[in-house]
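# Commentary on secondary and tertiary structure
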Amino acid sequence: MSTTTLRVDTGTGELLPDQTPVPFSQFLEQHMAGRVHDDATAELHELIAAVTAHFKKGTLAIVITVEPSKGNVDGNPISIAATTVLKKPKGVTPSAPYYVDGEGNPTRNDPRQPPLFDGGAR
């Protein structure tokens, strides 16, 4: 035996059957021929690789923007845009010691010490 639940349309007072939402995963796989779903799949893979390589956290967000139609359009269509936002951790480039020469430029050679060999270190 199936049970039907009803909801009240607040504008008309009419009793209507409850609406069953489409699963989000189904929407994502169908929206724009699955492009955002495919992007999110690839970016999740990138994020996991970056997190395990750098031992830092990152995020992947799917942003859904829903806008009403502009003006009075029959059927009140809406516009739905979906995009991904990936923030993956990066490695830190290590610093290197430098000295400041007499002209204010960075140099790897200590200006107080003469080079041991011709040409000096780089």
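Fair warning: this is a prediction, and the values are worked out from it, not measured in the lab. (Residues numbered from 1 in each chain as written. Predicted model: local features only at pLDDT ≥ 70, side-chain atom pairs only at ≥ 80, totals over all residues. Heavy atoms only, no water.)

The helix and strand tally for the protein chain stands at 2 helices and 6 strands. Sequence-ordered secondary structure for the protein chain, helices as α and strands as β, is β-β-α-α-β-β-β-β. Relative to the compact-globule value of 14 Å for 122 residues, the protein chain shows a C-alpha radius of gyration of 30 Å, a clear excess of over 25%. By principal-axis analysis of the C-alpha atoms, the protein chain measures approximately 95 × 40 × 25 Å. Among the 122 residues that make up the protein chain, the fraction classed as buried is 11%. Once local pairs closer than 6 in sequence are excluded, the contacts in the protein chain between residues at least 24 apart make up 36%. With an accessible surface of roughly 10400 Å², the protein chain has 56% of that area assigned to carbon and sulfur atoms. Positive and negative charge centroids in the protein chain, built from 11 and 14 side chains respectively, lie 10 Å apart. (Helix = DSSP H or I, 4+ residues; strand = E, 2+ residues; numbered from the N terminus. Rg over C-alpha atoms; globule rule 2.2 N^0.38 Å. Buried < 20%, exposed > 50% of the residue type's maximum accessible area, 1.4 Å probe, protein only. Contact = heavy atoms within 4.5 Å. Areas by Shrake-Rupley, 256 points an atom, 1.4 Å probe, with all protein chains shown as cover. Lys, Arg positive; Asp, Glu negative; His and termini not counted. Charge placed at Lys NZ, Arg CZ, Asp CG, Glu CD.)

Phi at Met 32 takes a positive value of approximately 50°, unusual for a residue other than glycine. Counting through the fold element by element, Met 32 comes out in the loop between helix H1 (24-30) and helix H2 (35-54). Given the relative accessible area of 47%, Met 32 is considered partly exposed. The backbone of Ala 33 shows a phi angle near 60°, a positive value even though the residue is not glycine. Considering the arrangement of structural elements, one finds Ala 33 in the loop between H1 and H2.

All right, on to H2 then. The periodicity of an α-helix, 3.6 residues per turn, causes residues three or four places apart in sequence to face the same way. Taking 1.5 Å per residue as the helical rise, H2 with its 20 residues ought to reach 28 Å, and the 28 Å between its terminal C-alpha atoms agrees with that figure. Along H2, the residues that are buried comprise Val 36, Ala 40, Glu 43, Leu 47 and Ala 50. Taken down its axis, H2 places every buried residue within 90° of arc, on the same side. Facing away from the buried side of H2 by over 90 degrees, the exposed positions are His 45 and Thr 52. Close packing links the buried residues of H2 with H1, strand E3 (59-68) and strand E4 (78-87). In the stretch just after H2, Phe 55 is the one whose phi turns positive, near 55°. (Expected span 1.5 Å × (residues − 1). Arc of directions from axis to C-beta.)

Tallied over the entire structure, the rule returns 1 aromatic pair. Measuring from ring centre to ring centre gives 6.2 Å for Phe 24 and Phe 27, while their planes differ by 35°; the resulting arrangement is tilted. Separated by 3 residues within a single helix, Phe 24 and Phe 27 lie in helix H1, roughly one turn from each other. The class for Phe 27 is partly exposed, based on a relative accessible area of 23%. One Lys or Arg, Arg 108, reaches over the ring of Tyr 98 and ends 5.1 Å from the middle of that ring. (Phe/Tyr/Trp six-rings, centres within 6.5 Å; stacked < 30°, edge-to-face > 60°. Lys NZ or Arg CZ within 6 Å of the ring centre and 35° of its normal.)

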